[in-house]
Amino acid sequence: MSMDGKTVLITGATSGIGKETAKGIASLGATVVFTTRDKERGEKIRQTLIHETRNPNIEVLFCDLASFESIRKCSEEFLQKHDTLQVLMNNAGVVDYHRRISKDGIENMFAVNYLAPFLLTNLLLETLKKSAPARIVNLTSGLHSGTIHFEDLQFNTGFSGMKVYAHSKLAIILWTRLLAEKLKGTGVTVNCLNPGMSRTNLGRDAGWFSAKMFQLLGKAPSVAAHTLIYLASAPEIETITGEYFEKNTVKKTKPETYDMVAARKLWDISANLVK
Ligand SMILES: NC(=O)c1ccc[n+]([C@@H]2O[C@H](COP(=O)([O-])OP(=O)(O)OC[C@H]3O[C@@H](n4cnc5c(N)ncnc54)[C@H](OP(=O)(O)O)[C@@H]3O)[C@@H](O)[C@H]2O)c1
């Protein structure tokens, strides 16, 4: 199916699942804008994607998702050039082995995996509404678990890489469900997905064991990208919103991912954090 005439913004398409998704979507004819945190590397990847897909409409934007200022600049730059946005894919993500702090002094996984999509989406929301039908696609993980750690959202104590990663991905699901409620009637849908374990760079900072696990057990990123491309393009899901997908199918998730009281509380705290 063609995505001719549509504009798609993908965060973190410099490796892994995001890169394969950018390739797949560019092959469908869309204008693809992707973010990088290394301008030179981003430009090389842009050239490769143009060569591989024969689609010249591929652009790269600098964005460090661990910085609110950089996210704001990136959205401004996008809006200077584009009046419409049919698909926003919040793909970029990180797993840290040791606790790290973002440019804004926030625990890095909470900042990059959850607050960055929260802020970027908010900055682009009016343009998405103007471009409706439009879609927001958020990356979560099958590892999402627990409840929101309101007493210490940034794990000042009790940090463990996988636990904090899982927490950031739970936050994504709650936010997706609440945003879907808020966007009812606008023609903008928002869903999240678990791409499944894939051989990407994701585990590289999470210690030798995790990195090996990703490489040994993961599927190819081009396969993991199928669900992202499906969520961006499939006509049969145009009105589905607020759901969690695995392998192109809506899946029920744990009861705590439907806790809208927690979702609202998290929303208010997040809005304060990103100012
Ligand atoms: N791989 C899996 O098994 C798996 C399973 C479930 C969910 N996921 C999710 O899938 C998504 C894609 O991950 P992946 O597996 O493809 O990992 P990946 O190969 O490590 O790609 C992650 C992307 O995010 C970018 N990124 C990370 N931190 C950033 C920052 N501070 N600012 C800007 N960009 C940043 C990376 O940029 P650089 O290239 O500069 O590092 C890269 O482009 C993530 O949300 C991840 O949580 C992956």
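Throughout what follows, the structure given in this document is the object of discussion. (Residues numbered from 1 in each chain as written. Predicted model: local features only at pLDDT ≥ 70, side-chain atom pairs only at ≥ 80, totals over all residues. Heavy atoms only, no water.)

1. Looking at the nonpolar core
The test is simple: Only buried Ala, Val, Leu, Ile, Met, Phe, Trp, Tyr and Cys residues count toward a nonpolar core, and they belong to the same one when joined by side-chain atoms within 4.5 Å. For the exposure calls, accessible area comes from a 1.4 Å probe over protein chains only, and a residue counts as buried if that area is under 20% of its type's maximum, exposed if over 50%, partly exposed in between. Here a helix means four or more residues in a row that DSSP labels H or I, a strand means two or more in a row labelled E, and each is numbered from the N terminus. The contact criterion used throughout is that any non-hydrogen atoms of two residues lie within 4.5 Å.
Counting residues in each nonpolar core, the largest one holds 56 residues, and the members touching the most others are I71, Y114, L128 and I136. Ranked by residue count, the leading element in this core is helix 4 (residues 108–130), at 13 residues. Ignoring anything within four residues of it in the chain, the contact list for I136 reads L88, N90, T121, L125, L128, L179, L183, V188, T189, V190 and N191. If you look at the next biggest cluster of nonpolar residues, it comprises 30 residues, including V32, I45, I58 and Y230.

2. Quick word on the layout of surface pockets
Rule in force here: Two kinds of site are reported from a 1 Å grid over the protein atoms alone, namely cavities, where a 1.4 Å probe fits but cannot get out, and pockets, open sets with protein on both sides within 12 Å along at least five of seven lines, and residues are called lining when an atom falls within 4 Å of a point. Grid points are joined across faces, edges and corners, and a volume is the space filled by probe spheres set on the points. Throughout this entry, Asp, Glu, Lys and Arg are counted as charged residues, while Ala, Val, Leu, Ile, Met, Phe, Trp, Tyr, Cys and Pro are counted as nonpolar. The remaining residues, Gly among them, count as polar.
Computed from the structure, the largest pocket encloses a volume of approximately 1100 Å³. As for the largest pocket, its lining consists of 46 residues, and the residues nearest its centre are A92, G93, V94, V95 and L202. For the lining of the largest pocket, the element with the highest residue contribution is helix 6 (residues 208–217), accounting for four residues. The class makeup of the residues in the lining of the largest pocket is 19 nonpolar, 20 polar and seven charged.

3. Quick look at the packing of helix 1 (residues 16–27) against helix 7 (residues 221–233)
What counts here: A fitted line through C-alpha atoms represents every axis, and for helices the fit uses only the stretch in contact; the resulting angles, taken between N-to-C directions, go from 0 to 180 degrees. Any angle from 65 to 115 degrees is called roughly perpendicular, while one under 35 is roughly parallel, one over 145 is roughly antiparallel, and all others are oblique. By convention the crossing between two helices is left-handed if the near helix lies anticlockwise of the far one by an angle smaller than a right angle, and right-handed if it lies clockwise.
In contact at an axis separation of 8 Å, helix 1 and helix 7 are set at 55 degrees when each is read in the N-to-C sense. With respect to their mutual orientation, helix 1 and helix 7 come out oblique. For the pair helix 1 and helix 7, the crossing hand works out as right-handed. Listed contacts from helix 7 to G16, I17, E20, T21, G24 and I25 of helix 1 are P221, S222, A224, A225, L228, I229 and A232. Considered class by class, the residues forming the contact of helix 1 with helix 7 number eight nonpolar, four polar and one charged.

4. Looking at a positive patch on the surface
Filter applied, for reference: Note on patches: the residues involved have over 30% relative accessible area and no salt bridge, like charges join within 9 Å, and the nonpolar side chains Val, Leu, Ile, Met, Phe, Trp and Tyr join within 5 Å. We get accessible surface area from the Shrake-Rupley algorithm with a probe of 1.4 Å; when it comes to residues, only the shown protein chains can shield them. When a carboxyl oxygen of Asp or Glu is within 4 Å of a side-chain nitrogen of Lys or Arg, the pair counts as a salt bridge. In this tally, Lys and Arg are treated as positive and Asp and Glu as negative; His is ignored, and so are the chain termini. A charged residue contributes its charge at one atom only: NZ of Lys, CZ of Arg, CG of Asp or CD of Glu.
Together, K19, R37, R41 and R204 make up a positively charged patch on the protein surface. Locating R41 in the fold gives a position in helix 2 (residues 39–53). Residue R41 is classed as partly exposed on the basis of its relative accessible area of 36%.

5. Quick notes on helix 3 (residues 68–81)
Going by this rule: For a helix, the expected span equals 1.5 Å multiplied by the residue count minus one. Think of it as the arc spanned by the lines of direction from the helix axis to the C-beta atoms.
For helix 3, built from 14 residues, the straight-helix expectation of 20 Å at 1.5 Å per residue is met to within 8% by its first-to-last C-alpha distance of 20 Å. By the burial criterion, the buried members of helix 3 are F68, S70, I71, C74, S75 and F78. One face of helix 3 carries all of its buried residues, which in axial projection span an arc of 160 degrees. In helix 3, the exposed residues that point more than 90 degrees away from the buried face are E69 and Q80. In the core, the buried residues of helix 3 are packed alongside strand 1 (7–10), strand 2 (31–36), strand 3 (58–62), helix 4 and helix 8 (260–274).

6. Let's talk about helix 5 (residues 161–182)
For helix 5, with 22 residues, the first-to-last C-alpha span of 32 Å sits near the 32 Å given by 1.5 Å per residue. Counting buried positions over the 22 residues of helix 5 gives 18, a clear majority of the element.

7. Side note on the packing of helix 4 against helix 5
In contact at an axis separation of 8 Å, helix 4 and helix 5 are set at 20 degrees when each is read in the N-to-C sense. Judged on the interaxial angle alone, helix 5 and helix 4 are roughly parallel. When the axes of helix 4 and helix 5 are compared, the crossing they make is right-handed. In contact with M109, F110, N113, Y114, P117, F118 and T121 of helix 4, helix 5 contributes G161, V164, Y165, H167, S168, K169, A171, I172, W175 and L179.

8. Comments concerning the sheet that holds strand 7 (residues 244–246)
The criterion, for reference: For two strands to count as paired, DSSP must find a minimum of two bridges between them.
Spatially, eight strands are ordered 3-2-1-4-5-6-7-8 in an open sheet, and the strand pairing comes out mixed. Only two strands of the sheet have a single neighbouring strand rather than two, namely strand 3 and strand 8 (249–250). The pairing of strand 2 with strand 3 spans five bridges and is parallel. Looking across to strand 3, one finds that T36 is bridged to F62. In the packing of helix 5 onto the sheet, contacts are made with strand 4 (87–90), strand 5 (134–139), strand 6 (188–194) and strand 7, and the angle to strand 6 comes to roughly 160 degrees.

9. Re the site of the ligand
Test applied: The cutoff for a nearby residue is simple: one of its non-hydrogen atoms must lie within 4 Å of the molecule or strand. Under this definition, polar contacts are N or O atom pairs within 3.5 Å; protein pairs additionally need one hydrogen-donor-capable and one acceptor-capable atom, and for neighbouring residues in sequence, both atoms have to be side-chain atoms. Those molecules having more than half of their atoms within 2 Å of a cavity or pocket grid point set are described as sitting in that cavity or pocket.
Taken together, 31 residues surround the ligand, and among them T14, S15, Y165, T200 and R204 come closest. Within the backbone of S198, an N or O atom sits 2.7 Å from an oxygen atom of the ligand. In this structure, T200 approaches the ligand through a side-chain N or O atom, which is 2.6 Å from an oxygen atom. Taken by itself the ligand offers 890 Å² of open surface, and the protein chains cover 96% of this. Among the detected pockets, the ligand sits in the largest pocket. Going through the elements one at a time, helix 1 and helix 5 are the ones with two or more residues in the shell around the ligand. Each residue belonging to the shell around the ligand can be placed in one class, and the counts come to 13 nonpolar, 13 polar and five charged.

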